[in-house]
Amino acid sequence: MYKKTFFLIATCFLVFAANAQNTSTQLDEIIIEKNKISTLSKSQKLIVLNDSLINHSVGTFTDFLQKNTTIYFKENGYGMVSSPAFRGTTAQQTSVLWNGVKINSALLGQSDFNATAFKNFDNIVIKPGGGSVLYGSGAVGGTIHLNNELHFTQKLKNELQFNYGSFNTKGLHYKATTGTTNWAFNVHFGFNKSANDFEWIGKNRKNLNGAYYNTNFGFETAYKINKKNTFTFYSSTYNDDRHFALVTPFQTKTKYQNNNYRNLLKWNFKNENFLNIFSAASIYESYLFYDKLPSESNSGGKASTFLIKNESYYNATNSLKFSSKLEYQQTKGNGKNSNLPYANQHIFATSLLGSYQISNCFGFETGLKTEFTNAYSNPFLYSGGIYFNSKNYQLKINTSKNYRIPTFNDLYWQPGGNLNLKPETSFQIDINQNFNYKAITFNASTYYISLKDMIRWIPTASGFWEANNTDAVTIKGAEFYFNIQKKWLHNYLQFSGNYAHNQSTNKKTNTQLTYTPKNKFSTQVLYGYKNFSVSPSFMFVGKIYTTTSNSQESALASYGIVDIDFQQKIPTKKLSLYINLKLKNVTNTTYTTMPEQQMPGRNFNIQIVTKF
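Residues numbered from 1 in each chain as written. Predicted model: local features only at pLDDT ≥ 70, side-chain atom pairs only at ≥ 80, totals over all residues. Heavy atoms only, no water.

## A closer look at the side chain of N402
Phase 1: Secondary-structure assignment places N402 in strand β22 (residues 393-404).
Phase 2: For N402, the side chain forms a polar contact with the main-chain nitrogen of G131, separated by 3.3 Å.
Phase 3: At 2.9 Å, the side chain of N402 and the side chain of S400 are in polar contact.
Phase 4: When residues no more than four places from it in sequence are discounted, the contact partners of N402 are G130, G131, S132, A139, V140, L381, E424, T425, S426 and Q428. (Helix = DSSP H or I, 4+ residues; strand = E, 2+ residues; numbered from the N terminus. Polar contact = N/O pair within 3.5 Å; in protein donor to acceptor, adjacent residues only side chain to side chain. Contact = heavy atoms within 4.5 Å.)

## Structural notes on the pattern of salt bridges
Phase 1: Here the structure, examined in full by the defined rule, presents 16 salt bridges.
Phase 2: Across the salt bridge formed by R87 and E479, the nearest N and O atoms sit 3.2 Å from each other. Linking R87 in the loop between β3 (82-85) and β4 (94-98) with E479 in strand β25 (residues 465-488), this pair joins segments that are 392 residues apart in sequence. Of the two residues, R87 and E479, neither departs from the other in class, the shared state being buried.
Phase 3: A salt bridge links D241 to K255, with the nearest nitrogen and oxygen atoms 3.1 Å apart. You can see D241 sitting in strand β14 (residues 229-243) and its partner K255 sitting in strand β15 (residues 255-270), a full 14 residues away along the chain.
Phase 4: Taking the relative accessible area as the measure of exposure, D241 reaches 8% and is therefore buried.
Phase 5: With a relative accessible area of 15%, K255 lands in the buried category.
Phase 6: One salt-bridge network, held together by shared partners, links K45, R87, D430 and E479. (Salt bridge = Lys/Arg side-chain N within 4 Å of Asp/Glu carboxyl O. Buried < 20%, exposed > 50% of the residue type's maximum accessible area, 1.4 Å probe, protein only.)

## Details of the nonpolar core
Phase 1: Of all hydrophobic cores here, the largest spans 31 residues; its most connected members are L107, Y135 and Y412.
Phase 2: Of all the secondary-structure elements, those providing two or more residues to this core are α5 (132-135), β16 (274-290), β17 (298-315), β19 (343-357) and α6 (408-412).
Phase 3: What Y135 contacts, discounting residues up to four positions off in sequence, is I37, S41, S95, L97, K102, K127, T143 and H145.
Phase 4: Of all hydrophobic cores here, the second largest spans 28 residues; its members include L49, F61, V101 and F152. (Core = buried A, V, L, I, M, F, W, Y, C linked by side-chain atoms within 4.5 Å.)

## Some thoughts on empty space enclosed by the protein
Phase 1: In total, this model carries 6 cavities of 30 Å³ or more according to the counting rule given.
Phase 2: Taken as a whole, the largest cavity encloses approximately 240 Å³ of empty space.
Phase 3: Surrounding the largest cavity, 22 residues form its lining, K102, Y135, G136, E327 and Q329 being those nearest its centre.
Phase 4: Breaking the lining of the largest cavity down by element, the ones donating at least two residues are β5 (101-102), α5, β17, β18 (320-336), β19 and β20 (362-373). (1 Å grid on protein atoms, 1.4 Å probe; cavity = no way out; pocket = protein on both sides within 12 Å on 5 of 7 lines; lining within 4 Å. Points joined across faces, edges and corners; volume = space filled by probe spheres on them.)

## Observations concerning helix α4 (residues 61-68)
Phase 1: In terms of residue burial, α4 counts as a mostly covered element, since 7 of its 8 residues are buried.
Phase 2: Those residues of α4 lying buried are F61, T62, D63, F64, L65, Q66 and N68.

## Here's the deal with the sheet that holds β5
By definition, the strands of a sheet pair up through backbone hydrogen bonds, in either a parallel or an antiparallel sense.
Phase 1: Pairing is mixed across the open sheet formed by 5 strands, whose spatial order is β1-β6-β7-β4-β5. Both outer strands of the open sheet, β1 (47-50) and β5, are each paired with one neighbouring strand and no more.
Phase 2: Alignment of β4 against β5, held across 2 bridges, turns out to be antiparallel. Following the sheet pairing, L97 is matched in β5 by K102. (Pairing = 2+ DSSP bridges.)

## As for the pairing of strand β21 (residues 380-389)
Phase 1: In terms of strand pairing, β20 meets β21 through 9 bridges, oriented antiparallel. Within the sheet, the bridge partner assigned to L368 lies in β21 and is Y382.
Phase 2: Hairpin remark: β20 followed by β21, antiparallel, with 6 residues in the connecting loop.
Phase 3: Taken together, the 7 bridges between β21 and β22 define a ladder with antiparallel strand orientation. Its bridge partner being in β22, F388 is matched across the sheet by L395.
Phase 4: Count of turn residues in the β21/β22 antiparallel hairpin: 3 residues.

## Details of the environment of G367
Phase 1: Here G367 lies in strand β20.
Phase 2: Not counting residues up to four positions away in its chain, the partners in contact with G367 are V133, L352, L353, L381, Y382 and S383.

## Looking at the side chain of T516
Phase 1: One can find T516 in the loop between β26 (491-506) and β27 (519-529).
Phase 2: Residue classification places T516 among the buried residues on the basis of a relative accessible area of 4%.
Phase 3: Side-chain polar atoms of T516 contact the backbone oxygen of L513, separated by 2.7 Å.
Phase 4: In contact with T516, not counting residues within four places along its chain, are A85, G88, T89, S504 and I544.

## A closer look at the pairing of strand β33 (residues 603-611)
Phase 1: Note that strand β8 (residues 157-165) and β33 share 7 bridges and pair antiparallel. Among the inter-strand pairings, N163 is bridged to a residue of β33, identified as Q607.

## Here's the deal with unusual backbone geometry
Phase 1: Cis geometry is found at the peptide bond from L293 to P294, where omega equals 10°.
Phase 2: Along the chain, P294 falls in the loop between β16 and β17.
Phase 3: Of note, the amide linkage connecting Q414 to P415 takes the cis form, showing an omega dihedral of -5°.
Phase 4: Within the element layout of this structure, P415 appears in the loop between α6 and β23 (424-437).
Phase 5: Positioned with a positive phi, F167 is a non-glycine residue whose angle comes to about 65°.
Phase 6: Topologically, F167 is positioned in the loop between β8 and β9 (169-179).

## Overview of the packing of aromatic side chains
Phase 1: Scanning the entire structure with this criterion turns up 25 aromatic pairs.
Phase 2: An aromatic cluster is defined as three or more aromatic residues linked by ring pairs; in this entry it consists of F388, Y393, F435, F442, F480 and Y499.
Phase 3: When the ring centre of F152 is taken as reference, the NZ or CZ atom of K224 above it lies at 4.5 Å.
Phase 4: For K255, the ring lying beneath its charged end belongs to Y290, and the centroid distance is 5.0 Å. (Phe/Tyr/Trp six-rings, centres within 6.5 Å; stacked < 30°, edge-to-face > 60°. Lys NZ or Arg CZ within 6 Å of the ring centre and 35° of its normal.)

## Observations regarding the confidence of the model for the protein
Phase 1: Chain-level statistics for the protein give a pLDDT mean of 91 and a share of 95% at 70 or above.
Phase 2: Across residues 1-31 the pLDDT falls below 50, and counting only partners more than four positions away or on other chains, this stretch makes 65 contacts in the model. (pLDDT = per-residue confidence, 0-100.)

See below:
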């Protein structure tokens, strides 16, 4: 009954909103995804990593997020498959969105952060906490938003980067943006390659079979037909070839190839108080695993997703706002020389959200969502939050029910796939406080997550592994961030840090989830004088359990890494030139993020960035 009522309310809202003309506020045109996230997330913390931070970084997307956020990443060797543990959750419980469209693999349910060309994006927004009402499956630990910005009436801007470093690591990246009154364009491409053959400290051997290369190309354009209608098109291509580093010199050499193609078309219509965004997306992913190099023996899988989505935003009054979403997604997938048969999945989802601002500093928001599919039972989700903003203090409290659907492999892989799986569901509450006074900022978040029906692959009596809803997990945690800045004469000094504590406890065994460290801490000092700056940083990761029994013998030891970055800006009349020298793992610390898979010791990278 509640579903019929919900649809009736949603339909009435859409009809009413489309015809609304006489209200007192004006909606901003939402082209840039970052602005939309901020509008819909007043009761949740957002972390925005801007283009300057992105452009001057060197290394993988994993390196970038490890250093600048509290998210922990598990890497199968440096440059190999990388997956996050966001707030103590699993890799499938972090949702990644490209310009508003979810791009987690349909086959595996997660994103590989060493197979993501993060330098193509103009900003990256990190949103800790649940967000399934807005972003669907996987938004349990948090969401990561990869956004491109388009600007009308802009002169041509070019940016070119080169980098070279240890282990014969090379990179090239180019980005151009321009626009007219009615048109806006972005184009960008990149290339990365590394022998990745670093010395294993104390082992008298090198990292074997660890080479990788990747290429990417992206294009975005927008056309403003008139004041009410704008079309935007996004396109992205990514290809890579990564050998899997050997644990012992006697292992068989293998490698992995990824190909991703994404296209997205958006139509924005707005009048004074109503904004409608219609999106259509095509997302293709494929992989090949070569199991006996140098032979061509391989297996793999592919999946293609077609998505249409309609989002409506309506300002009823200055204080009361509504939004709704209707979404349909079809995903087809199958394996090659593997045990994944052809499968065709349909998902239809609808959601309704509202917010009310009681005063200039206080308000609340709420949301409802339901989903229908031919593959599993549909969950009914909700979210609610309040926020308080003053000059020096901000409070945000949010609660929600979230979920993670079974992947194609979970459902259809034979043997072991299980068509009787239920989605993982979770309840959570998040309390966020922010204090700021002059140049000092301090942020503290505490959260609680109760998750049930966690999907695990477990051994059966028949000798194969099978996907099952098994565990229930409780996660308690806290995150802290601080930042202090000081400027005098030609000097600039900044001191910042992040700390996260997570207790991810299996309710049945009372043990910590594997590959979820209880403690992670990072801090950075930046000192600048005129056009020169130096920035030492330190990151600590606590002990990591690799077995569900929390065996001490198989646990990975805690470690701390020191990096030092130097930057010299050379301004000229026609261009800006930056030379960056990055010294990584300066103390030559031995550490691993997977058993028997050592990470690089002391190494360097030189980067040249030009803007013209």
